[in-house]
Amino acid sequence: MYIPAHFAEIRPEELHRIIREYPLGMLVNHGSTGLDADHIPLELDPDVGTHGTLIGHVARANTLWQRCPTGTQVMIVFRGTDAYISPNWYPSKHETHRQVPTWNYEVVHAHGTITVHDDERFTRRVVAQLTRRHETTEPKPWKMGDSEPEFINSMLRNIVGIEIAITSLVGKVKLSQNREVRDRLNAADTLDARGHTATALAMRKAG
């Protein structure tokens, strides 16, 4: 990934924040049939391993867990907030006419080693953790105990757990840090007015 110095994000807490806020990872691997990618919601445990550990699950019918046996090197891409930026939103454009369109975004590449967990105890823990985290905003959060035990057991038999020990994290945060402050903030205000609140907030914090 091409990363100019002013867009490089190396702070572990910020890299972990992007992963937590945008947990649908694109798991990329290279096997005997070439490149492949699977889109999997992953839970980050920042306290396990040097750079953290990711856990999740895939359908048993998904051959990922067979194509990527324990020990396989993989890369997971986490895309944060993003938005198109028009040069018309920069006050300086109307003075110099030396601005062009661009796209702002946050992204993290997590490289690591996968471990396959084909056991019910692990998959039950993964499902519990994922639902506990993502159900928190619900008035009455769903939990596995809401369903009949045999139904849950049958569903768990149809998934396989995966765990990725992160060996390195590479982050890029492109939020108009290379522009004048007035340009960056005015572009953020324009995005906010158009409903792109997350990107606008990130741009205001950048710089």
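Above: the structure in question.
My aim in this report is to walk through the structure given alongside it, one point at a time. Just so it is clear, the model here is predicted, and its values are computed rather than measured.

1. As for helix H7 (residues 197–205)
Then step 1. Among all positions in H7, only Thr199, Ala200, Ala202 and Met203 are buried. End-on, the buried residues of H7 take up no more than an arc of 165 degrees, which puts them together on one face.
Then step 2. Contact partners of the buried residues in H7: strand S6 (73–85), strand S7 (102–117) and helix H6 (181–193).
Then step 3. Among the residues trailing H7, Gly207 stands out with phi positive, at a value near 120 degrees.

2. Concerning the pairing of S7
Then step 1. When S6 meets S7, the two strands line up antiparallel, connected through eleven bridges. Counterpart to Ala83 in the pairing with S7 is Asn104.
Then step 2. Of the strand pairs in this sheet, S7 and strand S8 (residues 159–174) are connected by 13 bridges, and their pairing is antiparallel. Following the sheet pairing, His117 is matched in S8 by Gly161.

3. Brief notes about the layout of surface pockets
Then step 1. There is about 380 Å³ of room inside the largest pocket.
Then step 2. Residue lining of the largest pocket: 21 residues in total, with Arg11, Glu14, Val173, Leu175 and Ala202 positioned closest to the centre.
Then step 3. The set of elements that each furnish at least two residues to the lining of the largest pocket consists of strand S1 (8–9), helix H1 (12–21) and H7.
Then step 4. For the lining of the largest pocket, the element with the most residues is H7, which contributes four residues.
Then step 5. Partitioning the lining of the largest pocket into residue classes produces ten nonpolar, four polar and seven charged.

4. Details of the packing of aromatic side chains
Then step 1. In the structure shown here, the tally under the stated rule is one aromatic pair.
Then step 2. Centre to centre, the rings of Tyr84 and Trp103 are 6.0 Å apart; their planes meet at 65 degrees, and the pair counts as edge-to-face. With Tyr84 in strand S6 and Trp103 in strand S7, this pair connects stretches of sequence that are 19 residues apart.
Then step 3. Of the residues examined, Trp103 reaches a relative accessible area of 45% and is grouped as partly exposed.
Then step 4. The ring of Trp65 has Arg60 sitting right over it, with the charged end atom 5.6 Å from the ring centre.

About the cut-offs
- Residues numbered from 1 in each chain as written.
- Predicted model: local features only at pLDDT ≥ 70, side-chain atom pairs only at ≥ 80, totals over all residues.
- Heavy atoms only, no water.
- Buried < 20%, exposed > 50% of the residue type's maximum accessible area, 1.4 Å probe, protein only.
- Helix = DSSP H or I, 4+ residues; strand = E, 2+ residues; numbered from the N terminus.
- Arc of directions from axis to C-beta.
- Contact = heavy atoms within 4.5 Å.
- Pairing = 2+ DSSP bridges.
- 1 Å grid on protein atoms, 1.4 Å probe; cavity = no way out; pocket = protein on both sides within 12 Å on 5 of 7 lines; lining within 4 Å.
- Points joined across faces, edges and corners; volume = space filled by probe spheres on them.
- Nonpolar A, V, L, I, M, F, W, Y, C, P; charged D, E, K, R; others polar.
- Phe/Tyr/Trp six-rings, centres within 6.5 Å; stacked < 30°, edge-to-face > 60°.
- Lys NZ or Arg CZ within 6 Å of the ring centre and 35° of its normal.

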